[in-house]
Structures are given as C-alpha cells and as structure tokens.
Amino acid sequence: MHIGNSDISIKEYNGQRVVTLKDIDMVHGRPDGTARKRFNDNRNHFIEGEDFFVITQPSEIRTLGLERPQGGVPEKVILATEQGYLMLVKSFTDDLAWDVQRQLVNGYFKTKETVKRALSPELQMLQGLLSQMVEKELADKERDRQILIAKETADKAVATTENIKEAVKPVFDNWRSEINSKFNRIQKGAGEEFKMLRTEMYTELERRAGCDLNTRLRNKRKRMTENGCTKTEINSLNRMDVIDDDKKLREIFSKIVTEYEIKYCA
C-alpha cells in the first residue's frame, strides 16, 4: 500500500493490521532506528498484546514476509497495532507526519474493517476460507522447507560417515599405494597446508615409535653404498622407504595418517 512517499506491505497479526518499526520510519521519512528509539524510551507506557506484539518464531516472521536482504529472518520483530502506532508517533508534528497518520489510520488500519462490513455473509465466509487456504499453503511451504533442510543434513551426515569409513579402512599388502591415496585425499582437504602436515606426521611417528627417521635413512644409504648400489638408487631413498622396511613403523604411521585423513576429509 502506498503511504506518504513509500510503499509498505500489508501485515496482519492476531486478526488485525500491524506495522513494523521499520515501516514507521520509512513512511514518516525518519532515519532508520527512530521509531525503535521512541519505543524503547517509552516502553513502560506500551502494553504488549494491545499496543504491540513481539514475535520470535522464524515461521511466523517468514509468513509476514520479513526476511533480511542477505537471507534469513530477524531474531525478533516488534509489530505495532493502530493504537500503539498512534502512541508512538504522537510526537511527530510536522506536516508530513499528520498526513501520513491520516493515511495509515484511514487507508491502512481501517481498510480491513471497512471491506469486511461491506461484504455479504456469504462473501465473508468465502474470504475466511481463502484466508485458511493461504495459511495452509504457507504452512505447507514451511513444512517442505524443513523437510529439505532435514534431508540436506542427513545427506551431509551420510557423506561424513562414508569419509570416515574410507579413512579407517585397513591398509593391506600394497601399503605404499594405499598411504599415497590417503595423502592425496588429505592434500585435497588441506590444500597448501599439506606439505607442513606431512612433516608433522613424520614427527609424530618419531615421537610414538621412539625412532629417528633421518638416522635410519643415513644408515640405509650407507648399507646400499657398501652393497654396490648405484647413486641414483641411493639418492632416491626417502623416509617412506625407511618406514616401509619396518612393520611396526608401518602400523603406527598408518594410524597417524588415518587420524589426519579423518580430521581434514571427514
């Protein structure tokens, strides 16, 4: 409905027309928050249920079409009745205020009563049925929205469960290949952080197993040199080769990698 220089949506609550504090600021051309400050300053003079209503249920707020531009609904909305509105703006005495008050009282708050009196009993009954249908449709939409949210939550839970199952899957004979697959999954989940995480995993292995991987690596290279292996073979050795040589280290390292996989992929 066009009031003053603004358009406001028609809102009804508990069978009567209401306006939000934001509506009041808008139609009176006042800075945002003016009506709220007047309300807070004189809160003890307003009677809840007569002068205003406070709604906190998201479904009720959404039914009134009060959604934030960025999505979602406000935590709380104050709705002023005709009586509450007139009490709130009685200090607005400029020419625009008088004109807006007249438009709101005669063209907004009274319109529903005027139309209802003009309708025949049959049309009033039809209007009531239509209102029930609209309310049911809104309730059905809210129910469908809640079902969709529940389904999305369930799908995420299933995906998380599958990721955990994959992470805790035992490593069999092809140990290196399985560990590399886990490394790839962790890298996708951690991104550039993976290089640091891999070093952390080696450090954790040394702590749990009480070993020094670099010392073992040097000793292994020394033995290979003594056995006549080529420089290429010797230089290609790394800490994974050292771990692969020791069954105990493989088992401990597999557990560590699995823990990181669950943390970054589940």
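Cut-off values and rules
- Residues numbered from 1 in each chain as written.
- Predicted model: local features only at pLDDT ≥ 70, side-chain atom pairs only at ≥ 80, totals over all residues.
- Heavy atoms only, no water.
- Helix = DSSP H or I, 4+ residues; strand = E, 2+ residues; numbered from the N terminus.
- Buried < 20%, exposed > 50% of the residue type's maximum accessible area, 1.4 Å probe, protein only.
- Contact = heavy atoms within 4.5 Å.
- Areas by Shrake-Rupley, 256 points an atom, 1.4 Å probe, with all protein chains shown as cover.
- Expected span 1.5 Å × (residues − 1).
- Polar contact = N/O pair within 3.5 Å; in protein donor to acceptor, adjacent residues only side chain to side chain.
- Core = buried A, V, L, I, M, F, W, Y, C linked by side-chain atoms within 4.5 Å.
- Pairing = 2+ DSSP bridges.
- Axes fitted to C-alpha atoms, helices over the stretch in contact; angles between N-to-C directions.
- Parallel < 35°, antiparallel > 145°, perpendicular 65-115°, else oblique.
- Left-handed = near helix turned anticlockwise from the far one by under 90°.
- Nonpolar A, V, L, I, M, F, W, Y, C, P; charged D, E, K, R; others polar.

**Q** Looking at this model, I keep getting lost on the overall build of the protein. Mind explaining?
**A** Of regular secondary structure, the protein possesses 13 helices and 6 strands. Classification of the 266 residues of the protein by burial places 31% in the buried group. Pairs at least 24 apart in sequence give 63% of the contacts found in the protein among residues at least 6 apart. Carbon and sulfur atoms form 51% of the exposed surface of the protein, whose accessible area is close to 17,200 Å².

**Q** Explanation requested: helix α13 (residues 247-265) in the structure shown.
**A** Note: α-helices contain 3.6 residues per turn, so residues at a spacing of three or four share the same orientation. Between its terminal C-alpha atoms α13 stretches 26 Å, which fits the 27 Å expected from 19 residues at 1.5 Å a residue. For α13, the set of buried residues is L249, I252, F253, S254, I256, V257, T258, Y260, E261 and C265. If you check the start of α13, you find a side-chain oxygen 2.9 Å away from the backbone N of K248, and it comes from D246.

**Q** For this particular structure, what's the right way to read the nonpolar core?
**A** Across soluble globular proteins, nonpolar side chains have a tendency to be buried as a group. Ranked by internal contacts, the top residues of the largest apolar core, which has 26 residues, are F183, M201, L205, L213, M240, I243 and F253. Elements that contribute at least two residues to this core include exactly α8 (175-190), α9 (194-209), α10 (213-226), α12 (239-245) and α13. Apart from residues no more than four positions distant in its own chain, I243 is found in contact with W175, Y202, L205, L213, L249, R250 and F253.

**Q** What should I look at first to understand the sheet that holds strand β3 (residues 11-13) in this one?
**A** Hydrogen bonds between backbone atoms are what pair the strands of a sheet, whose relative direction is either parallel or antiparallel. In space, the 4 strands of this open sheet follow the order β3-β4-β6-β5, with antiparallel pairing throughout. Edge positions in the sheet fall to β3 and β5 (52-55), since each has one partner strand and no second. Each strand of the sheet is rotated relative to its neighbour by a mean of 45°, with strand direction disregarded. By the bridge criterion, 3 bridges tie β3 to strand β4 (residues 16-20) in an arrangement that is antiparallel. Bridged to E12 within β4 is R17. The strands that helix α5 (residues 95-109) touches are β3, β4 and β6 (77-80); relative to β4, the one it contacts most, it runs at about 140°.

**Q** Is there a simple way to explain the pairing of β4 in this structure?
**A** Side-chain positions along a regular strand alternate between the two faces of the sheet. Buried residues dominate β4, accounting for 4 of its 5 residues. Hairpin remark: β3 followed by β4, antiparallel, with 2 residues in the connecting loop; positive phi at N14, about 55°. Here β4 runs beside β6; their pairing, made up of 2 bridges, is antiparallel. By the bridge assignment for β6, V19 is matched with A80.

**Q** Where do I start with the packing of α8 against α13 in this structure?
**A** Helix-helix packing: each pair is described by the crossing angle between the helix axes and the interaxial distance. The geometry of α8 relative to α13 is characterised by a closest axis approach of 9 Å and an angle of 25° between their N-to-C directions. On the basis of the axis angle, α8 is roughly parallel to α13. α8 and α13 meet at a crossing whose hand is left-handed. Judged by residue contacts, W175, I179, K182, F183, R185, I186, G189 and A190 of α8 engage R250, F253, S254, V257, T258, Y260, E261, Y264 and C265 from α13. Partitioning the contact of α8 with α13 into residue classes produces 10 nonpolar, 3 polar and 4 charged.

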